[in-house]
Amino acid sequence: MIKTENLEKVYRTEEVQTKALNHVSLTVEQGEFVAIMGPSGCGKSTLLNLLGLLDEPDGGSLQLLGTETSRYSERQRAELRKRSLGFVFQSFNLIDELTVFENVELPLRYLGVGAAERRQRVEQVLEKMQLLHRRNHFPLQLSGGQQQRVAVARAVVNAPPLLLADEPTGNLDSASGHDVLGLLTELNEAGTTVLMVTHSEHDARYARRVIRLLDGQVVLEHSRGQF
Amino acid sequence: MLPYPLLLIYRNFKRFKSTFFINLIGLSTGLACALLIYLWISDERSFDRYHTLDGRLYQVLENRRTAAGIETQTGTVPLLAEALRREMPEIELVATTTPVPFFPKFTLAAGGLHLSAVAKYADPAFFQLFSYPLLVGTPATVLRDKHAIVLSAALATKLFNSPQNSLGKAVQWQMGTDSTQTSLVAGVFARVPRNSSEQFDFVLPFASFKDRMQMSETIKWDDDGPFTTYLALKEGADPAQFQAKLAGLLKTKSTQAQGRTLFVRPFAAGYLHGTYENGVVTGGRIAYVRLLTLIAGLILVIASINFMNLFTAKASRRVKEVGIRKALGASRAALIVQYLTESVVMALLALVVAVGLVQLVLPQFSALTGKPLALRWEWPLVAAGLALALGTGLLAGSYPAFYLSGFQPAAVLKGKLPTRAADVWTRQGLVVLQFTLSVLFIVAVVVVNAQLAFVQRQPLGYDKAHVLRFDTGGKAARQQAAFLSEVKKLPGVVQASSVLGGFLGGRYVAEMSWRGKRLAVGTMLVNYDLVETMGLHLVAGRSFAPQYRADSAAILVNQALVAGLGMLDPVGQRLDGARIVGVVRDFHYESLHEKIKPLLLQLDPQINTVLVKLQPHAEQATLARLQQLYAAYNPGFTLDYTFLDADYQAQYVAERRVAVLARYFAGLAILISALGLLGLAAFTAERRRKEIGIRKALGASELSIVWLLTSSLTWLVVVAIGLALPLSYLLMERWLAGFAYRVEWQWWYFAAAGLGALLIAWLTVSVQAWRAARRNPVLSLRAE
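Only a predicted model underlies this, so the values are computations on that prediction, with no experimental measurement involved.

(A) Region of the structure containing the overall build of chain B. Counting its secondary structure elements, chain B contains 27 helices and 26 strands. Projected onto its principal axes, the C-alpha positions of chain B cover 105 × 60 × 55 Å. For chain B, the proportion of its 784 residues judged to be buried stands at 41%. Partitioning the contacts of chain B with sequence separation of at least 6, the portion at a separation of at least 24 is 82%.

What follows is the structure in structure tokens.
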């Protein structure tokens with residue numbers, strides 16, 4: 001599903017050059033639930049951004065779903081994102097001006113799905129997330145847990161094979177966090193590959209494998225139970 | 001349920017109300033200006049276009065090589081139409097006519113009613129060439145009979161109650177001081193449309209004019225003529241080929257016509273493209289069409305810049321959305337389309353408001369431009385409106401669309417706008433551009449008004465105050481001398497005289513020679529006492545006087561003529577056989593656009609355009625006496641008069657309109673720019689909220705905060721002023737170059753414009769700055 005070799009990312013300002021990722025090589029198989037862990041500033045989110053094609057690497061190779069993407073054009077990356085990737089962010093990243101329904105519907109719009117099918121699929125996923133009664137609410141009218149459920153609904157509405165989650169429980173109380181992690185587990189069990197960035201040991205336990213980063217490098221990989 | 005883009009706009013409006021209104025006001029005022037200008041321009045462009053044969057309809061003009069270069073004239077020899085009809089098979093119809101300004105108004109009488117009306121003589125093909133639909137009569141035959149007269153419907157109704165009633169009725173008419181003629185009504189035409197370059201009330205057969213003037217029946221190619229010749233080419237005839245054939249015509253006809261070339265121009269083009277220099281068309285009213293198009297474009301640019309600036313300024317609040325959409329798979333193109341749609345829908349909304357604004361100000365705008373303009377919902381207007389809105393929307397949305405969609409999603413997903421030097425420069429550049437244009441408009445207003453004031457102040461060489469002008473007719477014209485001498489005796493009349501075609505305006509120019517020197521000299525035909533009536537100043541010799549019988553062959557000349565010929569002692573010299581008896585100081589018989597040219601004044605006591613100098617403060621009583629006297633000579637006639645002062649002002653109608661329009665447009669440009677600055681100031685204050693909080697917590701005064709916020713924007717305005725001043729100098733210098741007599745540049749024109757722009761900018765920004773400065777720092781810091 002994912003294979004990186006010597007992946008690099010460098011941030012430059014006028015005076016300082018920071019290596020955010022330093023020769024990262026890792027593999028994620030289809031159907032896995034992987035957690036990426038490490039302290040703040042270790043490069044977790046940078047790695048997730050690269051894997052999600054939200055940013056371009058400065059070196060190395062990145063294979064997604066069997067294709068090399070490190071030299072993809074903006075258009076090719078957008079195409080792959082909308083067909084094969086789902087995102088869940090720490091700060092939910094819902095569009096405040098759109099209702100729950102419209103937020104969830106967005107990926108389908110970009111896929112060019114017709115209105116009737118869009119409605120059916122959005123309602124289906126909202127029902128599953130127990131959000132159907134909130135469909136006409138705006139994000140700011142919902143609790144944090146509900147907002148993150150909307151974000152998960154949006155991430156999976158187009159049934160992507162790969163789901164990327166960046167600190168999905170970071171802004172949630174423990175009960176809501178538990179809910180969201182439960183949802184991710186369910187999706188993984190249904191066949192979706194899940195890659196989650198977290199600095200919570202508790203959350204990482206939901207994953208079957210953990211990759212630990214420090215200063216932009218992979219320092220440890222182990223499976224659940226080996227903590 | 002609203003369509004998706006509208007829904008987004010609606011929700012954005014709810015979130016950013018003030019920005020929405022600033023955008024709406026800016027764009028709608030800009031579009032309203034553009035629409036008003038579009039209405040004016042389309043009216044200008046419609047002139048003379050309504051003829052069925054438009055496209056095949058041409059006017060014959062002539063280029064003459066003179067010592068001063070090639071002169072282009074509309075006047076052609078009297079029998080040109082007949083000659084062309086014989087020799088040019090490409091021609092379908094051709095007619096020679098007299099131009100309308102050629103005669104003063106004629107007097108018409110029927111059934112005891114006397115009217116003065118504007119006449120035109122024309123060949124029989126006239127009503128076939130031009131589409132003045134006949135209510136009575138048929139186009140091909142209506143002017144065939146020498147004793148025919150064709151009236152306008154309004155004139156026929158006045159004289160005979162209805163057009164139908166007038167057929168075959170006798171009308172008595174009089175041209176100037178000529179004897180009365182009788183013609184029979186052969187036709188009646190519907191009124192001449194307002195958008196016709198010539199307005200006339202009745203048409204007489206050109207054949208009758210030929211008889212009257214005892215013109216030769218065969219064409220003399222060397223002749224001059226003030227007559228205008230129009231033709232329609234046959235369908236399929238090649239105008240270029242015809243043009244080439246016509247150009248060679250005169251040379252084959254006369255050995256003396258070597259420097260003369262005939263050519264045709266499309267009839268309808270004459271209205272807008274009527275000015276020739278050295279044989280080449282250089283402009284005309286089209287200059288104003290271009291100027292206003294430019295102004296409309298600039299105002300739309302200013303309004304669009306507002307939109308761009310406010311959109312990108314609040315982009316920090318929208319970049320997160322860009323990141324999310326991109327993460328969800330939106331391509332850059334999809335985002336560009338989304339933002340462009342948003343701006344186009346916004347522009348369409350502004351168009352709706354603009355149409356309302358146009359309806360509101362249209363009466364004033366019509367009065368200002370002297371055109372009865374109206375919003376008619378026909379497809380050209382609808383298309384123009386939509387095109388304007390679409391163009392503005394795309395222009396205004398282009399920068400935000402490309403700017404916002406260009407971010408890497410990872411960079412903006414956290415909602416932080418990466419500051420790129422290029423973006424800051426662009427935003428500031430746009431403000432500079434806006435204010436540059438505003439300052440340009442202010443300088444234009446100042447200069448145009450200064451020039452108009454100069455026109456009022458400039459010594460003209462004559463006294464235009466309290467001078468009445470009218471054309472006599474009837475018995476007053478036939479007994480011109482007796483009538484004038486009675487006018488002079490009226491209490492309240494200082495002096496009276498007459499002059500051919502009025503005192504102001506261009507003159508018939510012919511080349512004259514003196515001792516081998518040649519000079520183009522204008523001729524003014526005048527009556528006794530013109531010098532005294534107009535307060536002209538004699539610098540040598542004497543004025544015309546009845547006691548000198550030889551004065552019929554004498555002339556007065558102006559200083560320009562004396563200087564042009566290099567005469568040292570002009571009085572007593574002979575110029576083409578006429579003896580110079582006096583020299584008058586140069587006076588502005590044309591507008592200040594023209595240099596005072598060599599002029600001679602020749603005596604002709606028969607002229608019937610009368611000038612009467614009245615004593616000040618008693619005009620009304622004197623006018624009543626004059627009307628009484630006129631009525632005694634011409635019972636049933638009305639005295640149709642104007643004041644010379646008004647005629648003088650009428651020479652600057654176009655400039656006065658430019659002045660008022662410039663004032664309005666400058667106001668709007670400044671309003672829109674100030675709105676943009678207001679929005680930008682609000683954004684800056686918002687962005688620097690934390691900084692202001694920290695500064696205040698560390699003890700900064702409110703005033704220093706205001707300075708902090710205003711100074712950066714002040715610099716932009718200063719740069720704009722620096723750019724605008726030389727630019728405005730160049731542009732206005734070009735405008736002033738159209739005047740032979742003009743104001744000199746004053747330093748304060750620029751100072752006023754610059755200070756004005758600065759003041760407006762400060763006022764706008766400081767309101768926001770004060771609000772930001774007065775905010776409780778604790779709140780700002782806590783919010784962070």
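(B) Fine view of the overall build of chain A. Per the secondary structure count, chain A includes seven helices and ten strands. Compactness check: chain A gives a C-alpha radius of gyration of 17 Å against a globular reference of 17 Å for 227 residues, within 12% of the reference. For chain A, the spread of C-alpha atoms along the three principal axes comes to 45 × 40 × 35 Å. With 227 residues in all, chain A has 48% of them scored as buried. Taking the intrachain contacts of chain A between residues at least 6 apart in sequence as the baseline, contacts between residues at least 24 apart amount to 69%.

(C) Structural detail: the environment of Ser116(B). All names here are of chain B. For Ser116, the location among the structural elements is in strand 5 (residues 113-117). Owing to 22 C-beta atoms within 10 Å, Ser116 belongs among the buried residues under this scheme. A C-alpha to C-alpha distance of 33 Å links Ser116 and Glu62, two positions 54 residues apart in sequence. Not counting residues within four places of it along the chain, the set of residues in contact with Ser116 comprises Lys105, Phe106, Thr107, Gly473 and Asp640.

(D) Up close: the nonpolar core. All names here are of chain B. Formed by 177 residues in total, the largest nonpolar core has its most connected members in Ile299 and Val443. Apart from residues no more than four positions distant in its own chain, Val443 is found in contact with Ser728, Met732, Tyr749, Phe750 and Ala753. Core analysis: the second largest hydrophobic core is formed by 60 residues, Tyr121, Leu159, Trp173 and Leu233 among them.

(E) Structural context of the interface of chain A and chain B. Counting residues at the interface gives 17 residues for chain A, matched by 20 residues for chain B. Listed by contribution, the elements that provide at least two residues to the side of chain A that touches chain B are helix 2 (74-84) and helix 3 (100-111) of chain A. Residues belonging to the side of chain A that touches chain B are distributed by class as follows: eight nonpolar, three polar and six charged.

(F) Local environment of the UniProt feature "domain: ABC3 transporter permease C-terminal" (unreviewed entry) in chain B. UniProt feature "domain: ABC3 transporter permease C-terminal" (unreviewed entry): in the numbering of this structure it lies at residues 294-408 and 665-777 of chain B. Within the segment residues 665-777 of chain B, helix and strand shares are 85% and 0% respectively, and the terminal C-alpha atoms sit 42 Å apart.

(G) Representation of the UniProt feature "transmembrane region" (unreviewed entry) in chain B. When the UniProt feature table is mapped onto this chain, "transmembrane region" (unreviewed entry) is found at residues 20-41, 291-312, 333-362, 382-404, 425-448, 664-685, 705-727 and 747-765 of chain B. Annotated as residues 705-727 of chain B, this span is 100% helix and 0% strand, and its ends, taken at the C-alpha atoms, are 34 Å apart.

(H) Structural detail: the sheet that holds strand 26 (residues 641-643) of chain B. Residue and element names in this part refer to chain B. Spatially, the four strands line up as an open sheet ordered 17-25-16-26, and their pairing is antiparallel. Two strands close off the open sheet at either side, each with one partner strand: strand 17 (493-498) and strand 26. Within this sheet the neighbouring strands show an average axis-to-axis angle of 20°, counted without direction. In this sheet, strand 26 lies alongside strand 16 (residues 467-471) in antiparallel orientation, the contact comprising three bridges. Bridge pairing links Arg469 to Thr642 in strand 26. Packing against the sheet, helix 18 (residues 480-489) makes contact with strand 17 and strand 25 (609-614), and its axis sits at approximately 160° to strand 17.

(I) Highlighting the confidence of the model for chain B. Per-residue confidence for chain B gives a mean pLDDT of 87; residues scoring 70 or more make up 98%. In the model output, the complex is listed with pTM 0.79 alongside ipTM 0.82.

(J) Geometry of the sheet that holds strand 2 (residues 17-28) of chain A. Residues and elements named next belong to chain A. One open sheet accounts for four strands, arranged 2-1-4-5; its pairing is antiparallel. In the strand order of this sheet, the two ends are held by strand 2 and strand 5 (67-68), each with one partner. Here strand 1 (residues 2-12) pairs with strand 4 (residues 59-64) via five bridges, running antiparallel. Looking at strand 4, one finds that Lys3 is bridged to Gln63.

(K) Layout of the packing of helix 11 (residues 286-313) of chain B against helix 23 (residues 653-687) of chain B. Residue and element names in this part refer to chain B. One can describe the packing of helix 11 onto helix 23 by two numbers: an axis separation of 9 Å at closest approach and a directional angle of 10°. The orientation of helix 11 with respect to helix 23, classified from their angle, is roughly parallel. The segment helix 11 lies against helix 23, with Tyr288, Ile295, Ile299, Ile302, Ala303, Ile305, Asn306, Asn309, Leu310 and Ala313 engaging Ala654, Phe665, Leu668, Ala669, Ile672, Ser673, Leu675, Gly676, Gly679, Leu680 and Phe683. For the contact of helix 11 with helix 23, the residue count by class is 16 nonpolar, five polar and no charged.

(L) Region of the structure containing the pairing of strand 16 of chain B. Residue and element names in this part refer to chain B. Of all five residues making up strand 16, five are buried, and the element is well covered by its neighbours. Neither face of strand 16 is exposed, since Val467, Arg469 and Asp471 on one face and Leu468 and Phe470 on the opposite face are all buried. Of the strand pairs in this sheet, strand 16 and strand 25 are connected by five bridges, and their pairing is antiparallel. In the strand pairing of strand 25, Phe470 is matched with Val610.

(M) Focus on the pairing of strand 3 (residues 33-37) of chain A. Residue and element names in this part refer to chain A. For strand 3, the tally of buried residues reaches five of five residues, placing the bulk of the element in the interior. As paired elements, strand 3 and strand 8 (residues 193-197) share four bridges and run parallel to each other. Its bridge partner being in strand 8, Ile36 is matched across the sheet by Val197. As paired strands, strand 3 and strand 9 (residues 209-214) are joined by four bridges and run parallel to one another. Following the sheet pairing, Ala35 is matched in strand 9 by Val210.

(N) Just the domain arrangement of chain B, in detail. Residues and elements named next belong to chain B. Structurally, chain B comprises domain 1 (1-47 + 278-418), domain 2 (57-267) and domain 3 (474-636). On a C-alpha basis, the centres of domain 1 and domain 2 stand 49 Å from each other. Taken together, the contact pairs five residues of domain 1 with six residues of domain 2. Looking at the side of domain 1 that touches domain 2 residue by residue, the classes come out as one nonpolar, three polar and one charged.

What counts, and at which threshold
- Residues numbered from 1 in each chain as written.
- Chains lettered and ligands numbered in written order.
- Predicted model: local features only at pLDDT ≥ 70, side-chain atom pairs only at ≥ 80, totals over all residues.
- Helix = DSSP H or I, 4+ residues; strand = E, 2+ residues; numbered from the N terminus.
- Buried ≥ 20, exposed ≤ 12 C-beta atoms within 10 Å, placed from the backbone.
- Contact = placed C-beta atoms within 7 Å.
- Rg over C-alpha atoms; globule rule 2.2 N^0.38 Å.
- Core = buried A, V, L, I, M, F, W, Y, C linked by C-beta atoms within 7 Å.
- Nonpolar A, V, L, I, M, F, W, Y, C, P; charged D, E, K, R; others polar.
- UniProt positions renumbered as here; feature names shortened; annotations may be inferred.
- Pairing = 2+ DSSP bridges.
- Axes fitted to C-alpha atoms, helices over the stretch in contact; angles between N-to-C directions.
- pLDDT = per-residue confidence, 0-100.
- Parallel < 35°, antiparallel > 145°, perpendicular 65-115°, else oblique.
- Domains from an automatic or database assignment.

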